[in-house]
Amino acid sequence: MKTLQGSANFRERLLCAILAFEPIEIINIRQYREGLRDHEICLLRLIQHISHGSRLEISEDNCSFEFHPGSLIGGNFTFHCDIGRCLSYYMLFLMTVGAFCREGIDCTLYGVTTHNKTSDVSVHFLKHVAAPLYSRFLDQIDINILSYGFGPNGGGVVKLFVPEMIELKSINSTTPGKYVKVGGVSYGGRIAANLVPRLTTEIRRLLDDKITDLYINNDHRKGRHAGESPGFACCLYATSVTNTVVGVDSVAQGGESPEDVSSRGVRKLLSRMKEESGASIPFPLQEWILPLMALNQRVFQRVMFGRKVSSKSIVMLKLIRHFFNVKFSVQKQDSGCALITCRGKGYTNMSRSAI
């Protein structure tokens with residue numbers, strides 16, 4: 001059993017332990033304070049929900065636990081997620097492990113779809129940016145937002161489908177090319193009807209002279225499809241000639257106008273396009289792509305990170321070496337980007353192939 005300390009990189013540690021089928025113990029989790037938080041316990045319960053034979057033992061002081069992974073089953077289920085974090089916190093985990101489940105994952109999740117108090121990306125970001133990227137490794141991932149749920153009270157409903165795979169598709173994506181079109185969605189719930197169109201109008205005003213291929217959709221929900229809290233936001237994403245996608249979220253804070261939210265979103269998108277020029281993997285998804293590369297076919301996998309490599313990606317590289325003994329090569333390019341290379345371990349979904 002591997003023993004780790006502290007609350008940092010909680011999901012990443014659990015992900016590696018599950019896929020390596022390695023029991024772990026995590027100790028000193030916010031010792032002398034609250035210990036495990038509600039959303040972390042919720043993630044542990046979700047993992048038990050999609051696996052068979054897993055065993056979880058949490059200490060009395062709530063500051064440590066032992067986890068013995070079981071076989072990944074997946075299947076069709078409904079789960080209520082803690083509203084302290086956005087649904088994307090749980091969905092990214094499910095999207096990464098779902099391909100290794102016996103039946104894939106076909107679930108309905110309840111919670112917060114867009115949060116303005118955390119660093120979590122929105123569910124729209126996963127739908128328009130993460131899902132196309134994951135489709136390079138898996139078959140098509142489907143995300144359907146049935147109801148919006150803005151923080152703090154949530155009320156959102158999302159259907160997620162992740163297909164099972166016998167083995168992952170290899171990736172060699174190092175030349176993303178020029179960004180040629182920008183898309184997005186302006187959305188809200190439990191707000192005045194004119195606020196969402198104002199988001200779109202301001203986005204178009206700011207981007208019309210910068211890009212010709214521009215499409216922004218409006219999505220204003222009412223009644224039971226609007227969730228429990230009022231809110232509005234926009235998700236913008238740019239697509240390159242090689243279908244590489246980068247995106248950003250801009251969520252309304254207290255007292256902000258739609259024009260303020262739109263202008264911040266446009267600034268963030270233009271900045272992200274500049275920072276990740278030459279990158280094939282969006283910055284918020286860097287750490288989640290690394291396990292899919294490490295467990296891929298026994299050929300070399302290559303992707304290009306942007307000028308910034310996230311600290312969580314560095315931790316994930318260490319965890320992958322620790323759990324799977326797979327080493328990555330990180331080479332700085334003249335453009336400032338980082339070429340990430342590894343030879344896949346040849347991991348096979350034994351649960352599916354045995355059916």
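Small disclaimer: the values here were computed from a predicted structure and weren't measured. (Residues numbered from 1 in each chain as written. Predicted model: local features only at pLDDT ≥ 70, side-chain atom pairs only at ≥ 80, totals over all residues. Heavy atoms only, no water.)

Enquirer: Quick rundown of the nonpolar core? Include the residues and the values.
Expert: As a rule of thumb, nonpolar side chains are buried together in soluble globular proteins. Within the largest apolar cluster, 90 residues are counted, with the highest numbers of intra-cluster contacts made by Leu14, Phe65, Met293 and Phe328. If you look at the next biggest cluster of nonpolar residues, it comprises 23 residues, including Cys234, Leu236, Ala252 and Met273. (Core = buried A, V, L, I, M, F, W, Y, C linked by side-chain atoms within 4.5 Å. Buried < 20%, exposed > 50% of the residue type's maximum accessible area, 1.4 Å probe, protein only.)

Enquirer: Help me get a handle on the layout of surface pockets, residues and values and all.
Expert: One water molecule sets the probe size; rolling that probe over the atoms shows where empty space is left. Looking at the largest pocket, its volume works out to about 820 Å³. Around the largest pocket, the lining comprises 38 residues; the ones closest to its centre are Arg85, Thr118, Ser119, Asp120 and Val121. Only helix H1 (10-20), helix H2 (38-49), helix H3 (87-97), strand E15 (245-251), helix H6 (258-275) and helix H7 (286-294) provide two or more residues apiece to the lining of the largest pocket. No other element matches E15, which puts five residues into the lining of the largest pocket. For the lining of the largest pocket, the class distribution of residues is 11 nonpolar, 14 polar and 13 charged. (1 Å grid on protein atoms, 1.4 Å probe; cavity = no way out; pocket = protein on both sides within 12 Å on 5 of 7 lines; lining within 4 Å. Points joined across faces, edges and corners; volume = space filled by probe spheres on them. Helix = DSSP H or I, 4+ residues; strand = E, 2+ residues; numbered from the N terminus. Nonpolar A, V, L, I, M, F, W, Y, C, P; charged D, E, K, R; others polar.)

Enquirer: How would you explain the side chain of arginine 85 if you had to name every residue and give the values?
Expert: Along the chain, arginine 85 falls in the loop between strand E7 (75-80) and H3. Among the polar contacts made by the side chain of arginine 85, one reaches the side chain of aspartate 120 at a distance of 2.6 Å. Those residues in contact with arginine 85 that sit more than four places away from it in its chain are His39, Tyr90, Val112, His115, Thr118 and Asp120. (Polar contact = N/O pair within 3.5 Å; in protein donor to acceptor, adjacent residues only side chain to side chain. Contact = heavy atoms within 4.5 Å.)

Enquirer: Would you mind going over H6 in detail, with residue names and values included?
Expert: The end-to-end C-alpha separation of H6 is 26 Å, in line with the 26 Å expected for 18 residues at 1.5 Å each. Taken together, the buried positions of H6 are Pro258, Val261, Ser262, Ser263, Arg264, Gly265, Val266, Leu269, Arg272 and Met273. In the core, the buried residues of H6 are packed alongside strand E12 (179-189), helix H5 (195-207), strand E14 (231-240) and E15. (Expected span 1.5 Å × (residues − 1).)

Enquirer: Talk me through the pattern of salt bridges; I want residue IDs and the actual numbers.
Expert: Considering all chains together, one arrives at 12 salt bridges under this definition. The salt bridge involving arginine 205 is made with glutamate 202; its shortest N-O contact spans 2.8 Å. Residue arginine 205 and its partner glutamate 202 are both found in helix H5; the two are separated by three residues, about one turn of the helix. Ionic pairing is found between aspartate 209 and lysine 210, a salt bridge with its closest N-O pair at 3.7 Å. Residue classification places lysine 210 among the exposed positions, given a relative accessible area of 53%. (Salt bridge = Lys/Arg side-chain N within 4 Å of Asp/Glu carboxyl O.)

Enquirer: Would you mind going over H3 in detail, with residue names and values included?
Expert: Burial analysis of H3 places 11 of its 11 residues in the buried class, the great majority of the element. Along H3, the residues that are buried comprise Leu87, Ser88, Tyr89, Tyr90, Met91, Leu92, Phe93, Leu94, Met95, Thr96 and Val97.

Enquirer: Could you give an account of empty space enclosed by the protein, with specific residues and numbers?
Expert: Here the structure, examined in full by the defined rule, presents two cavities of 30 Å³ or more. The space that makes up the largest cavity amounts to roughly 50 Å³. Tallied by class, residues from the lining of the largest cavity come to one nonpolar, two polar and four charged. Approximately 40 Å³ is the volume attributed to the second largest cavity. Forming the walls of the second largest cavity are Val129, Pro132, Leu133, Arg136, Asn243, Thr244, Val245, Ser280 and Pro282. Per-element tally for the lining of the second largest cavity: the top contributor is helix H4 (residues 123-134), with three residues.

Enquirer: Go over the sheet that holds E15, please, and point to the residues and values.
Expert: The strand order across the open sheet built from four strands is E13-E12-E14-E15, with neighbouring strands paired in mixed fashion. With partners counted over all chains shown, the strands left at the sheet margins are strand E13 (213-221) and E15, one partner each. Sheet twist, expressed as the average angle between the axes of neighbouring strands with direction ignored, equals 15°. Looking at chain direction, E12 and E14 are connected through 10 bridges and run antiparallel. Of the residues in E14, the one forming a bridge with glycine 189 is glycine 231. Relative to E15, H4 is tilted by about 165°, and along the sheet it contacts E12, E14 and E15. Along the sheet, H6 makes contact with E12, E14 and E15, crossing E15 at roughly 155°. (Pairing = 2+ DSSP bridges. Axes fitted to C-alpha atoms, helices over the stretch in contact; angles between N-to-C directions.)

Enquirer: An account of the pairing of strand E18 (residues 338-343) is requested, with residue identities and associated values reported.
Expert: Taken across its six residues, E18 has five buried, putting it largely inside the fold. Here strand E16 (residues 300-305) runs beside E18; their pairing, made up of six bridges, is antiparallel. The partner of phenylalanine 300 across the bridge, within E18, is arginine 343. Relative to E18, strand E17 (residues 328-332) runs antiparallel, the two sharing five bridges. Along E18, the bridge assignment pairs lysine 332 with alanine 338. The antiparallel hairpin formed by E17 and E18 contains five residues in its connecting segment, where glycine 336 sits at a positive phi of about 95°.

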